[in-house]
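# Observations on the three-dimensional arrangement
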Amino acid sequence: MSAHPEAGTTNWDAETRMSYDTVADSYADQVRHALAEQPYLSGALALFVDSVRRSGGPVADMGCGPGQITAHLNELGIDSFGVDLSPQMIDVARRDHPGLRFEVGSITAPELPDASVGGLIAWQSLIHMPDEDVRVALEHFRRVLRPGGPVQLLFHAGNDSWVKTQGYGGHPMNVPVYRRQPHLVAGWLREAGFEVEAHMVLNPDSEFPQALLFARRAA
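Within any chain, residue numbers begin from 1 and follow the written order of that chain's sequence. With pLDDT at 70 or above as the cut-off, local features in this predicted model cover only qualifying residues; side-chain atom pairs require 80 or more to be listed or tallied, and sums for whole chains, interfaces and linings still use all residues. To get the side-chain values, all heavy atoms of the structure are used, and hydrogens and water are removed first.

## Topic: the nonpolar core
Ranked by size, the top nonpolar core spans 32 residues in total, and within it Met-62, Leu-126, Leu-138, Phe-141, Val-151 and Leu-153 carry the most contacts. Those elements giving two or more residues to this core turn out to be strand E1 (59–62), strand E2 (80–84), strand E4 (119–123), helix H5 (131–144), strand E5 (150–156), helix H6 (182–192) and strand E9 (210–217). Core analysis: the second largest hydrophobic core is formed by 17 residues, Leu-41, Ile-69, Leu-202 and Leu-212 among them. Definition used in this section: a nonpolar core is a set of buried Ala, Val, Leu, Ile, Met, Phe, Trp, Tyr and Cys residues joined via side-chain atoms within 4.5 Å. Relative accessible area decides the class of each residue, using a 1.4 Å probe on protein chains only: under 20% of the type maximum gives buried, over 50% gives exposed, and in between gives partly exposed. Strands are runs of DSSP state E lasting at least two residues, helices are runs of H or I lasting at least four, and both sets are numbered from the N terminus onward.

## Remarks on the sheet that holds E9
Judged by pairing direction, the sheet is mixed, and its seven strands sit side by side in the order E3-E2-E1-E4-E5-E9-E8 without closing on themselves. Each of the sheet's edge strands pairs with one partner strand only, and the pair in question is strand E3 (101–104) and strand E8 (194–202). Each neighbouring strand pair of the sheet contributes to a mean axis angle of 15 degrees, computed without reference to strand direction. As paired strands, E5 and E9 are joined by seven bridges and run antiparallel to one another. Here a strand pair is declared whenever DSSP counts at least two bridges between the two strands. Comment: axis = line fitted to C-alpha atoms, over the contacting stretch for helices; angle = value between 0 and 180 degrees taken between N-to-C directions.

## Section: the packing of helix H2 (residues 39–55) against helix H3 (residues 68–75)
For the pair H2 and H3, the least separation of the axes is 11 Å and the interaxial angle reads 55 degrees. Relative to H3, H2 is oriented oblique. Taken as a pair, H2 and H3 cross one another with a handedness that is right-handed. On H3, the residues that touch Leu-45, Phe-48 and Val-49 of H2 are Ile-69, His-72 and Leu-73. Split by residue class, the contact of H2 with H3 holds five nonpolar, one polar and no charged. Working rule for angles: under 35 degrees goes down as roughly parallel, over 145 as roughly antiparallel, 65 to 115 as roughly perpendicular, anything else as oblique. It is the rotation of the near helix from the far one that decides the hand of a crossing: anticlockwise by less than a right angle makes it left-handed, clockwise makes it right-handed. In this description, contact between two residues means that some pair of their heavy atoms is separated by no more than 4.5 Å. Note on residue categories: nonpolar means Ala, Val, Leu, Ile, Met, Phe, Trp, Tyr, Cys or Pro, charged means Asp, Glu, Lys or Arg, and polar means any other residue, Gly included.

## A few points about the packing of helix H1 (residues 12–31) against helix H4 (residues 87–96)
Taken N-terminus to C-terminus, the directions of H1 and H4 make an angle of 25 degrees; their axes are 7 Å apart at the nearest point. When the axis of H1 is compared with that of H4, the two are roughly parallel. Counting all contacts with H1, which are made through Arg-17, Tyr-20, Asp-21, Ala-24, Asp-25, Tyr-27 and Ala-28, the residues of H4 involved are Pro-87, Gln-88, Met-89, Val-92, Arg-95 and Asp-96. Classifying every residue of the contact of H1 with H4 gives seven nonpolar, one polar and five charged.

## Focus on the pattern of salt bridges
Salt-bridge detection follows one rule: a side-chain nitrogen of Lys or Arg within 4 Å of a carboxyl oxygen of Asp or Glu. Applying the stated criterion to the full structure yields eleven salt bridges. Residues Asp-29 and Arg-32 are paired through a salt bridge, measuring 2.9 Å at the closest nitrogen-oxygen approach. Given a relative accessible area of 35%, Arg-32 falls into the partly exposed group. The partner of Arg-95 in a salt bridge is Asp-96, and the shortest N-O contact between them spans 2.8 Å.

## What to know about the pairing of E3
As paired strands, E2 and E3 are joined by four bridges and run parallel to one another. By the bridge assignment for E3, Asp-84 is matched with Val-104. When the strands point away from the viewer and the connection leading from the first strand across the helix to the second strand turns clockwise, the crossover is called right-handed. Chirality of the crossover, the property in question, places the unit of E2, H4 and E3 among those that are right-handed.

As far as function goes, none of this settles anything; it's purely spatial.
Okay, here's the thing in structure tokens:
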């Protein structure tokens, strides 16, 4: 891994927006059918949908990328919409999933009313943010969720970080990437007003394990 990205990444949001604008089409091609090959992630979404059915929708997919997860949730019968920092990602999402709602927006300053969503999902959308901005995002997640509403996070598990300079078809990128331990993010969720229900690590022996965290806004 390369050097820690904290230094020189104060504009992580602008760099992330530009990088994902560049790779939007190739990224969409890579992830379009990926969920079908990941049964644990599919199962996690099924659990999430069941929880949302008890609390009521809609669901906000924060950092939705090309919209494949938003579309899957809708296919499972949950009214869902996507928000992403990258305008080009949103264009791809609207193209690939016409009729669904996608908006350009920031995870750290979402333009959503208080207590306006029944569930919230953020898959791999916190991995480019410094710690302090993740905590800001989690506070907003609590604000926009109704009491008792579930939240599900997916992120890289580990302790290191680096700057990603190329990816998704060989296109240039310039984004920090952070790996975090589930117990650390769980602590931030509790501080933000969530009750943590479960977490799991997928592929723990692989080079890039992923963590899933299940929580609920405290009633």
